[in-house]
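So you can see what is in the structure, the chains are spelled out below.
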Amino acid sequence: GEDVEQSLFLSVREGDSSVINCTYTDSSSTYLYWYKQEPGAGLQLLTYIFSNMDMKQDQRLTVLLNKKDKHLSLRIADTQTGDSAIYFCAESRPHGSSNTGKLIFGQGTTLQVKP
Amino acid sequence: DSGVTQTPKHLITATGQRVTLRCSPRSGDLSVYWYQQSLDQGLQFLIQYYNGEERAKGNILERFSAQQFPDLHSELNLSSLELGDSALYFCASSVEAGLNTGELFFGEGSRLTVL
């Protein structure tokens, strides 16, 4: 199907690690992304991973990709209250044989960070 | 500030009416994307334009249409509005037509309420 799936809600304590999970559907997706949406704002790209990679680390963020299971995760180390937001995973869905296309987003995971 | 400007920020209208949402992409970006974000459907891709031409189409209803003008701004027209069209409509832009690093720059959205 078309769906990219995420759990809807995650609550953690400040200083803990957060892990947000996502499953996607299209094995031909070349890139997978994590976007962040803060209240009242648009989405902002956090990080992305190319489909031939297993892991990517960027400061407090670690992205893990299991291509066999079509599973993507975002780990946020030392989660802060400022990390409270909605996190969207997305896959690139090519349009035909060209590299134009669209990003298909999951429903978003609301991360609540308690002090 | 992503550099993408959307107007109006909020719009309240009645069923059966028609509205136009406007988007100015980031300076230099040739590609414009429209997304609809609703509580039950999540973030749905509607349509993409690149340098004035339609490049990819998603779950866009026939009652909706869009275009990109020579100055690269884009408009999304929604007609015969129904209650279910109430949503946040995002415009995003990128430099290229293709999905390379996948960085889309999102506007803050236009919140449409249909009464």
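As a reminder, the structure under discussion sits directly above these lines.
The structure displayed is predicted, hence computed values, not measured ones. (Residues numbered from 1 in each chain as written. Chains lettered and ligands numbered in written order. Predicted model: local features only at pLDDT ≥ 70, side-chain atom pairs only at ≥ 80, totals over all residues. Heavy atoms only, no water.)

In this section: the overall build of chain B. In terms of regular secondary structure, chain B is built from zero helices and 11 strands. When the helices and strands of chain B are read in sequence order from the N terminus, they spell out β-β-β-β-β-β-β-β-β-β-β. A compact globule built from 115 residues would reach a C-alpha radius of gyration of about 13 Å, and chain B, at 13 Å, matches this within 12%. Dimensions of chain B along its principal axes, counting C-alpha atoms only, are 40 × 30 × 25 Å. In chain B, which comprises 115 residues, the share counted as buried stands at 50%. (Helix = DSSP H or I, 4+ residues; strand = E, 2+ residues; numbered from the N terminus. Rg over C-alpha atoms; globule rule 2.2 N^0.38 Å. Buried < 20%, exposed > 50% of the residue type's maximum accessible area, 1.4 Å probe, protein only.)

Attention now goes to the state of the cysteines. Residues and elements named next belong to chain B. For the structure on display, the rule yields two disulfides over all chains. There is a disulfide in this structure between cysteine 23 and cysteine 91, and the S-S distance comes to 1.8 Å. Judged by the sign of its S-S torsion, about -55°, the cystine formed by cysteine 23 and cysteine 91 is left-handed. Residue cysteine 23 is found in strand E3 (residues 19–24), and its partner cysteine 91 is found in strand E9 (residues 87–94); the two are separated by 68 residues along the sequence. Of the residues examined, cysteine 23 reaches a relative accessible area of 0% and is grouped as buried. (Disulfide = S-S within 2.5 Å.)

Okay, unusual backbone geometry next. Residues and elements named next belong to chain B. Across the junction of threonine 7 and proline 8, the peptide omega takes the value -10°, indicating a cis bond. You can see proline 8 is positioned in the loop between strand E1 (5–7) and strand E2 (10–13). Of note, the phi angle at asparagine 51 is positive, near 50°, even though the residue is not glycine. If you trace the backbone, asparagine 51 turns up in the loop between strand E5 (42–50) and strand E6 (53–57). One non-glycine residue, leucine 72, adopts positive backbone phi at about 80°. Within the secondary structure, leucine 72 is located in the loop between strand E7 (64–68) and strand E8 (74–78). For leucine 72, a relative accessible area of 15% gives the class buried.

All names here are of chain B. Only one face of strand E11 (residues 110–114) is covered, namely the one carrying Ser110, Leu112 and Val114; the face carrying Arg111 and Thr113 has none of its residues buried. Alignment of E9 against E11, held across three bridges, turns out to be antiparallel. Residue pairing across strands places tyrosine 89 opposite serine 110, the latter belonging to E11. (Pairing = 2+ DSSP bridges.)

Moving on to the environment of A:Pro39. Residues and elements named next belong to chain A. Along the chain, proline 39 turns up in the loop between strand E4 (31–37) and strand E5 (43–50). Taking the relative accessible area as the measure of exposure, proline 39 reaches 78% and is therefore exposed. Measuring from C-alpha to C-alpha, the distance between proline 39 and threonine 81 comes to 13 Å, with 42 residues separating the pair along the chain.

A word on the environment of A:Tyr33. As for its placement among the helices and strands, A:Tyr33 is situated in strand E4. Between the alpha carbons of A:Tyr33 and A:Leu64 there is a distance of 11 Å; along the sequence they are 31 residues apart.

What follows covers the sheet that holds strand E8 (residues 71–76) of chain A. Residues and elements named next belong to chain A. The sheet built from five strands is open, its strands ordered E1-E3-E8-E7-E6 with antiparallel pairing. Only two strands of the sheet have a single neighbouring strand rather than two, namely strand E1 (5–6) and strand E6 (55–58). Bridge analysis of E6 against strand E7 (residues 61–66) gives four bridges, and the strand direction is antiparallel. Bridging from a neighbouring strand, glutamine 57 pairs with threonine 62 of E7.

All names here are of chain B. Reading across the sheet, the four strands line up as E1-E3-E8-E7 and stay open at both edges, with antiparallel pairing between neighbours. Only two strands of the sheet have a single partner each, and these edge strands are E1 and E7. Averaged over all neighbouring strand pairs, the angle between strand axes comes to 15°, with direction disregarded. (Axes fitted to C-alpha atoms, helices over the stretch in contact; angles between N-to-C directions.)

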